[in-house]
Amino acid sequence: MLRLVNNFRNLTITKESLSINYTNYQPVRWRKPIWLPVAKTKIFKVPPRTVIPEEEKVELMRLYNSYRTQIKSLRRYLTYKYCTKFLASEDPEEQKKIFEEDFARCIEINKKWNEEQNVLREKRVAEELEVNLDFARNRIELELIKQEEKLQKVEEIVRREKEQGKSFITSENIDEAIEYALHNSVDYNFAIDLNGEKIFGRENNTQEVKQKVSVLANI
Amino acid sequence: MPFMKGVAPIRRTLKYLEAGRLILKDQIKIFTVNYNVIGKHHAGTKDFVFWYLPQIQYKNPHVQIATLKNLTPTPFIRCFYETGDQMIIDVDSKSKEEIYEHLIQVVGKTKGVLKAEAIAKEKTDNPANFGALCDRHCICEILGQVPCPATCPVPKIWRGKYKFQKVED
């Protein structure tokens, strides 16, 4: 069996004296087991009643009473401070009221935050919109330029065709065209000398050539 | 390693979860976060969800927390109360820290309330108690008391059935 040993030097029980490692425990040599009956020599032992003189009794009672009132007051004070004061009221109306007040306060804070956010958000959205509009405008411009270029190309083709169309043979020109073709036959059977000059005719001498048509001039 | 799962497994450690500071009010039952996965002004909310939501759910196990993605042009957080009220918090282009601090201010329990709750918890947590919801179930488990009659029988003289039925003995 073990028992706690108090150091009589310190009259208060401190946390160190009641250590976790049981360093202040001493073994007790013998304690009667709980199931053994009372010893024969001790069955009829009547312990004498303690006699305390009257004056001492009065003094003791006074001291004890004052100590107990002090402890009681301390305990009540601490209970009030830590339990009763912080205890939420059981009344549902009261709880609802507390919640509502708190909620209103939080809503106010949140409203201000949301308003600030609104301003920043609108600004950001406007900026993004501007960026998008610029991008769209640039694209439109590029598209227009492309369309113009296309148009010009098409017009160029049309112009060329129109020009060529002037030399088309229509039903009005046909007689003249036939007459012209008959009188001005094109001779493809020509020779080219070293300078690139065409030599027409079948029986030509190079020195007797009178008609000299330069190919380079026709280009 | 089998226990370090996910992108940032530190979010699953006890130490990280216990460090959460946002404890929602008792009346809040649902907490929703709406945000897009892509978008510069959604990045703060996305980080908030990634880093702080585990802490919030750990500290508020009875609150339903939902994330709704890719449904909104601007991110926002909505809290639903028991009474039917709602609180909408616009978090466009805010960083995760800013969002967290604002939430603590607006929907979190105040420091005073938390302190009171801690004290109340201590009072009910008296280690000297024994009984139904305590460490020790019966008085026989306490040092210095009579051991359990189930292990060592109590002396006959102490037992009521022996004392009062001695005549029939």
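Residues numbered from 1 in each chain as written. Chains lettered and ligands numbered in written order. Predicted model: local features only at pLDDT ≥ 70, side-chain atom pairs only at ≥ 80, totals over all residues. Heavy atoms only, no water.

(A) Main features of the overall build of chain A. Counting its regular elements, chain A contains four helices and five strands. Taken across its 219 residues, chain A has 6% of its residues classed as buried. Across chain A, contacts joining residues at least 24 apart in sequence account for 13% of those joining residues at least 6 apart. Carbon and sulfur atoms form 58% of the exposed surface of chain A, whose accessible area is close to 21,500 Å². (Helix = DSSP H or I, 4+ residues; strand = E, 2+ residues; numbered from the N terminus. Buried < 20%, exposed > 50% of the residue type's maximum accessible area, 1.4 Å probe, protein only. Contact = heavy atoms within 4.5 Å. Areas by Shrake-Rupley, 256 points an atom, 1.4 Å probe, with all protein chains shown as cover.)

(B) Quick look at the sheet that holds strand S2 (residues 64-69) of chain B. Strand order across the open sheet formed by four strands is S2-S1-S3-S4 (chain B), with mixed pairing between neighbours. Each of the sheet's edge strands pairs with one partner strand only, and the pair in question is S2 and strand S4 (86-90) of chain B. Strand-to-strand twist of the sheet, defined as the mean angle between neighbouring strand axes without regard to direction, takes the value 15°. Pairing of strand S1 (residues 28-35) of chain B with S2(B), which is carried by six bridges, proceeds in the parallel orientation. Counted as the bridge partner of B:Val33 is B:Thr67 from S2(B). Sitting on the sheet, helix H2 (residues 92-165) of chain A is in contact with strand S3 (76-81) and S4 of chain B, with an inclination near 30° to S4(B). Sitting on the sheet, helix H2 (residues 43-59) of chain B is in contact with S1, S2 and S3 of chain B, with an inclination near 160° to S1(B). (Pairing = 2+ DSSP bridges. Axes fitted to C-alpha atoms, helices over the stretch in contact; angles between N-to-C directions.)

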